[in-house]
Amino acid sequence: MAAKAYKVIDRRSASGWVSSNTLIETATQTTDRGYTPPLDDDIHRTVSNLGRRTLMTLGRSILWRFPALMGMVLEQANLAVSSFIPQYTGRNRAWGDQAEGVLREWHKVMDVAGWPYDYDSFLQQLVIAPIVEGETFTLLTETSEGYPLIQMIPAHRVGKYAAPSDTARVRYQGTSLWIDGVLVDDSRPYPVEGSSPSPSPLPEGGGARGGPEIVFTARIVDGVILDNYGRPIAYRLDEDYQQAPVDVAARNMFPAFCPITTGQVRGFSLLASSVFDWQDLAEWRRFEMLAQKVFSTRTLIETNESGDEDEAKSIIQTAATFDADGKKTTLDVQRLYGGTIQYLKAKTGSSVQAFGYDRPGTSSREFLKTTLRDAFRGTEWDMFFSLDPQAVGGAPMRVIVEKINSVLGKRRKLVRKCCLRVDGYAVAKFMMLGLLPWDDDWYQWDYQGPADLTADKKYDSDVDIQEIGQGLGTRKLSCARRGLYLEDVDAQREIEADAELERAGRLARKHGISLQEALMVLRPPRSSSATLSSAVAEDEPAGAQERPPGGGGE
Amino acid sequence: MAINFFVGWSQQELEAELRAAQEDLAAGKSTISSQAGEVRSGAAVELSAQERIKLILRALNKVNPEEYPVADVTAITSTRAAFSGAAWD
């Protein structure tokens with residue numbers, strides 16, 4: 001017989017139970033270290049709109065002041081989306097080929113900003129902006145003829161003047177959405193999650209009628225107008241301080257950022273945790289560079305009894321010049337000759353020494369390196385991969401490359417999501433315009449990015465072969481790591497095999513040899529003749545090797 | 001702006017002091033001691049004759065730059081190297 005579950009009795013006094021932090025010491029802050037104010041609140045209450053924009057400012061600033069940081073960010077963009085080709089994954093391959101072609105052409109002119117803004121710049125921005133600025137926005141728009149276009153909206157334009165007290169009056173009815181009395185979406189297919197339906201329509205007109213009316217006061221957080229569940233309804237674009245803001249429905253505009261904390265409606269610069277370090281490093285390097293420049297202005301230090309140059313002993317080619325106040329404006333120019341032998345008086349402390357300096361010292365450089373490494377890690381990237389790959393050995397580099405591939409995968413996930421929205425919007429528009437026929441799987445797309453990085457291509461290839469051979473891996477996975485689609489690879493292999501057999505057949509008929517012999521001639525040479533011989537022996541039917549050259553056809 | 005240690009002295013006073021310093025130097029004195037107030041080692045000021053002359057010359061340049069041009073009263077303490085002279089050198 002199974003025992004009954006034990007009923008837990010939690011006895012309390014009239015004032016509840018006595019609670020303390022005796023079990024976990026760190027649950028109580030002490031004066032041994034700086035006090036951390038409470039952060040147990042929604043993310044937008046712990047980072048203000050001004051704070052988020054300050055991070056954007058600092059991120060933008062430091063990007064252009066620190067070459068290693070600029071290089072690291074561009075490196076991520078280059079490696080993540082050097083190619084990112086849409087691949088139709090639906091059932092109608094013919095439609096897919098046509099749609100891929102249409103998208104390929106559209107990508108050249110997709111941005112309302114015109115040349116040189118196109119699909120490539122769009123992809124780059126989707127990687128760079130979330131790291132540096134926290135996010136970027138994409139507006140789905142169209143020409144007057146309904147041809148689809150996108151517009152990149154930099155993050156600073158959304159909620160620039162947002163205040164914590166901002167709210168918006170939202171009204172939804174039928175398929176129409178109004179914000180503060182302005183129609184922002186006339187074809188919203190699902191209602192907003194606001195207050196209970198209102199029994200009577202409000203005087204604001206326009207848009208589709210019918211269905212229950214939903215009216216409520218929506219919160220605005222950092223320029224994002226939210227429904228009752230914290231889902232964005234629209235984004236508030238601040239044109240200018242004097243002008244009224246423009247609200248764009250969230251169905252027509254979306255941000256690109258990777259949430260780190262639940263409840264985030266805006267992205268924070270990924271440099272946020274390291275920007276002080278980057279600033280300190282930049283200033284430290286600049287000051288140190290000034291010191292180095294000052295040091296480098298000195299060459300020789302001559303110590304003598306008078307403390308000055310004796311014109312009777314040296315050759316002053318050009319005398320110093322002075323201004324009207326008696327201040328020196330140029331130095332005396334001393335002529336030097338190769339092979340000079342200098343004589344100094346003994347026992348006077350006279351000497352000539354090369355001016356030497358050893359700054360920054362080894363400890364400073366180590367500290368700099370550690371700080372730089374931490375700053376890199378704050379953006380998920382690895383300093384050794386980016387700046388100093390020689391410093392680590394082969395095995396550690398393979399681990400680093402695995403991590404880098406993981407980060408690149410994460411960057412591509414965000415780009416893929418954005419591309420799906422943009423290309424899905426464009427394909428839908430093309431079908432509406434008749435530029436593409438209808439297809440039931442029109443929304444099924446994937447993207448072919450660049451191949452994964454590898455620290456040792458041959459090693460990885462050998463591992464793939466072994467794992468596939470032992471059933472521990474699949475060809476599909478290996479192809480994906482190479483930036484290839486198995487279906488495409490197999491299709492191409494079939495084409496190549498067919499062509500090879502065709503050629504082998506022609507050769508066999510022409511020279512009176514077997515198909516296998518013709519194939520052997522066509523195949524790339526093996527590593528040794530022994531291998532070739534054994535392969536022939538395996539491939540040939542019994543007795544074939546005795547056939548005289550050129551004799552007998554099939 | 002360099003400090004003029006003899007500010008307020010007339011040209012005659014400076015030239016008299018210059019003459020004295022030059023005579024000290026010519027006589028082979030390496031240092032000149034001067035004391036103010038009570039004689040205590042801590043209040044003694046020792047200066048080489050050459051340094052004293054340099055300071056007086058700088059002061060004279062301030063009083064009469066025509067007679068004591070700055071180029072003549074400024075020691076060369078740093079120079080810039082040149083490895084060739086004029087184009088024909």
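That block above? That's the structure.
Since we're looking at a predicted model, the values are computed, not measured.

(A) Fine view of the interface of chain B and chain A. The partner chain A presents 18 residues to the 20 residues of chain B that form the contact. Carbon and sulfur atoms make up 55% of the area that chain B and chain A hide from each other, which totals about 1600 Å². When residues of chain B are sorted by the area they lose upon contact with chain A, Ile-76, Thr-79 and Arg-80 of chain B head the list and together hold 34% of the total. Summed over the shared surface of chain B and chain A, the result is one salt bridge.

(B) A look at the side chain of Asn-64 of chain B. Here Asn-64 of chain B shows up in the loop between helix 2 (49–63) and helix 3 (70–73). Among the polar contacts made by the side chain of Asn-64 of chain B, one reaches the side chain of Gln-11 of chain B at a distance of 3.3 Å.

(C) View of the pattern of salt bridges. Residue and element names in this part refer to chain A. If you walk through the whole model with that rule in mind, you get 27 salt bridges over all chains. A salt bridge links Glu-133 to Arg-60, with the shortest nitrogen-to-oxygen separation between them at 3.0 Å. Of this pair, Glu-133 sits in the loop between helix 5 (119–132) and strand 2 (136–142) while Arg-60 sits in helix 2 (residues 49–63); the two residues are 73 residues apart in sequence, bridging distant segments of the chain. Residue classification places Glu-133 among the buried residues on the basis of a relative accessible area of 18%. In this structure, Arg-251 engages Asp-185 in a salt bridge whose closest nitrogen and oxygen atoms are separated by 2.8 Å. Taken together, the positions of Arg-251 in the loop between strand 11 (246–249) and strand 12 (253–256) and Asp-185 in strand 6 (residues 182–185) put the pair 66 residues apart, joining distant regions of the chain. With a relative accessible area of 3%, Asp-185 lands in the buried category. Here the residues in one salt-bridge network are Arg-52, Glu-135, Asp-222 and Arg-266, joined through shared partners.

(D) Seen up close, the sheet that holds strand 17 (residues 332–335) of chain A. With respect to topology, three strands assemble into an open sheet ordered 14(A)-17(A)-3(B), the strand pairing being mixed. The open sheet has two edge strands with one neighbour each: strand 14 (316–318) of chain A together with strand 3 (79–82) of chain B. Recorded for the sheet is a direction-independent mean angle of 45° between the axes of neighbouring strands. Here strand 14 of chain A pairs with strand 17 of chain A via two bridges, running antiparallel. Across the sheet, the residue bridging to Ile-316 of chain A is Gln-334 of chain A, located in strand 17 of chain A.

(E) Structural detail: the packing of helix 3 (residues 67–81) of chain A against helix 9 (residues 394–433) of chain A. Residues and elements named next belong to chain A. Helix 9 packs onto helix 3 with a crossing angle of 75° between their chain directions and a minimal axis gap of 9 Å. Classed by the angle they form, the pair helix 3 and helix 9 counts as roughly perpendicular. For the pair formed by helix 3 and helix 9, the contact residues are Gln-76, Leu-79, Ala-80 and Val-81 on the first element and Val-407, Leu-408, Arg-411, Arg-412 and Val-415 on the second. Tallied by class, residues from the contact of helix 3 with helix 9 come to six nonpolar, one polar and two charged.

(F) Up close: the pairing of strand 5 (residues 176–179) of chain A. All names here are of chain A. Neither face of strand 5 is exposed, since Ser-176 and Trp-178 on one face and Leu-177 and Ile-179 on the opposite face are all buried. For strand 4 (residues 167–173) and strand 5, the ladder comprises four bridges, and the chain directions are antiparallel. By the bridge assignment for strand 5, Gln-173 is matched with Ser-176. Where strand 5 and strand 6 come together, three bridges link them in antiparallel fashion. Directly across from Trp-178, in strand 6, lies its bridge partner Leu-183. From the end of strand 5 to the start of strand 6, which pair antiparallel, there are two residues, and Asp-180 there has a positive phi angle of about 50°.

(G) A look at the sheet that holds strand 2 of chain A. Residue and element names in this part refer to chain A. Overall, antiparallel pairing links the three strands, which are arranged 3-2-12 in an open sheet. Each edge of the sheet is formed by a strand with only one pairing partner; in this case those strands are strand 3 (148–154) and strand 12. The sheet shows a mean angle of 25° between the axes of neighbouring strands, direction not considered. As paired strands, strand 2 and strand 3 are joined by seven bridges and run antiparallel to one another. Paired with Glu-142 across the strands is Pro-148, a residue of strand 3. Contacts from helix 5 reach strand 2, strand 3 and strand 12 within the one sheet, and its direction differs from that of strand 2 by about 150°.

(H) Seen up close, the packing of aromatic side chains. Residue and element names in this part refer to chain A. Here the structure, examined in full by the defined rule, presents 15 aromatic pairs over all chains. Taken together, a centroid distance of 5.7 Å and an interplanar angle of 50° make the contact between Trp-278 and Phe-376 tilted. On the criterion of sequence distance, the pair formed by Trp-278 in helix 6 (residues 275–296) and Phe-376 in helix 7 (residues 362–377) is long-range, its members being 98 residues apart. Per residue, the accessibility class of Trp-278 equals that of Phe-376, and both read buried. Here the aromatic cluster, defined as three or more aromatic residues joined through ring pairs, consists of Phe-66, Trp-278 and Phe-376. The positively charged end of Arg-171 is found above the aromatic ring belonging to Trp-178, 4.0 Å away from the centroid. Geometry around Tyr-459 places Arg-398 over its ring, the cationic atom sitting 4.3 Å from the centre.

(I) Quick peek at the side chain of Glu-288 of chain A. Residues and elements named next belong to chain A. Relative to the helices and strands, Glu-288 is located in helix 6. The exposure class of Glu-288 is buried, given its relative accessible area of 9%. When residues no more than four places from it in sequence are discounted, the contact partners of Glu-288 are Arg-359 and Pro-360.

(J) Just the packing of helix 5 of chain A against helix 9 of chain A, in detail. Residue and element names in this part refer to chain A. Two numbers describe how helix 5 lies on helix 9: the axes approach to 10 Å, and their chain directions differ by 130°. Judged by the inter-axis angle, helix 5 sits oblique to helix 9. Crossing handedness for the pair helix 5 and helix 9: right-handed. Packed against helix 5, whose contacting residues are Tyr-119, Phe-122, Leu-123, Leu-126, Val-127, Pro-130 and Ile-131, the element helix 9 presents Arg-411, Leu-414, Val-415, Cys-418, Cys-419 and Val-422 at the interface. Among the residues making up the contact of helix 5 with helix 9, the classes are represented as twelve nonpolar, no polar and one charged.

(K) How the structure looks around the state of the cysteines. Throughout the structure, instances matching the rule amount to zero disulfides over all chains. There is no disulfide at Cys-419 of chain A, and the cysteine sulfur nearest it, in Cys-418 of chain A, is 6.9 Å away.

(L) Looking closely at unusual backbone geometry. Residues and elements named next belong to chain A. The omega torsion across Trp-115 and Pro-116 is 5°, close enough to zero to call that bond cis. By the secondary structure assignment, Pro-116 is in the loop between helix 4 (93–106) and helix 5. A positive phi angle is found at Asp-222, which is not glycine, with a value near 50°. Within the secondary structure, Asp-222 is located in the loop between strand 8 (213–221) and strand 9 (224–226).

Parameters and conventions
Residue numbering note: each chain is counted from 1, following its sequence as written. For naming, the first written chain is A and the first written ligand is 1, with later ones following in the order written. The model is predicted, so local features are restricted to residues of pLDDT at least 70 and side-chain atom pairs to those at 80 or more, both for listing and for counting; the totals for chains, interfaces and linings are taken over all residues. To get the side-chain values, all heavy atoms of the structure are used, and hydrogens and water are removed first. By the convention used here, residues are in contact when the closest approach between their heavy atoms is within 4.5 Å. The term buried area refers to how much accessible surface (probe radius 1.4 Å) is lost by two components on association, counted for both of them together. The term salt bridge refers to a side-chain nitrogen of Lys or Arg lying within 4 Å of a carboxyl oxygen of Asp or Glu. A run of DSSP states H or I qualifies as a helix once it reaches four residues; a run of E qualifies as a strand once it reaches two. Both are numbered from the N-terminal end. N or O atoms closer than or at 3.5 Å make up a polar contact, with two conditions inside protein: a donor-capable atom paired with an acceptor-capable one, and, for residues adjacent in sequence, both atoms drawn from side chains. Residue exposure (1.4 Å probe, protein chains only): buried if accessible area is under 20% of the type maximum, exposed if over 50%, otherwise partly exposed. At least two DSSP bridges between two strands are required for those strands to pair. To get an axis, fit a line to the C-alpha atoms, keeping to the stretch in contact for a helix; angles then go from 0 to 180 degrees between the N-to-C directions. Angle categories: roughly parallel below 35 degrees, roughly antiparallel above 145, roughly perpendicular from 65 to 115, and oblique for all the rest. Charged residues are taken to be Asp, Glu, Lys and Arg, nonpolar residues to be Ala, Val, Leu, Ile, Met, Phe, Trp, Tyr, Cys and Pro, and polar residues to be all remaining types, Gly included. Pairing of aromatic side chains here covers Phe, Tyr and the six-membered ring of Trp, requires ring centres within 6.5 Å, and sorts the geometry by plane angle: under 30 degrees stacked, over 60 edge-to-face, intermediate tilted. In our convention, an over-ring charge means Lys NZ or Arg CZ found within 6 Å of a ring centre and within 35 degrees of that ring's normal. Definitions for this section: a left-handed crossing has its near helix turned counterclockwise from the far helix by less than a right angle. A right-handed crossing has that turn clockwise. Criterion for a disulfide: a pair of cysteine sulfur atoms within 2.5 Å.

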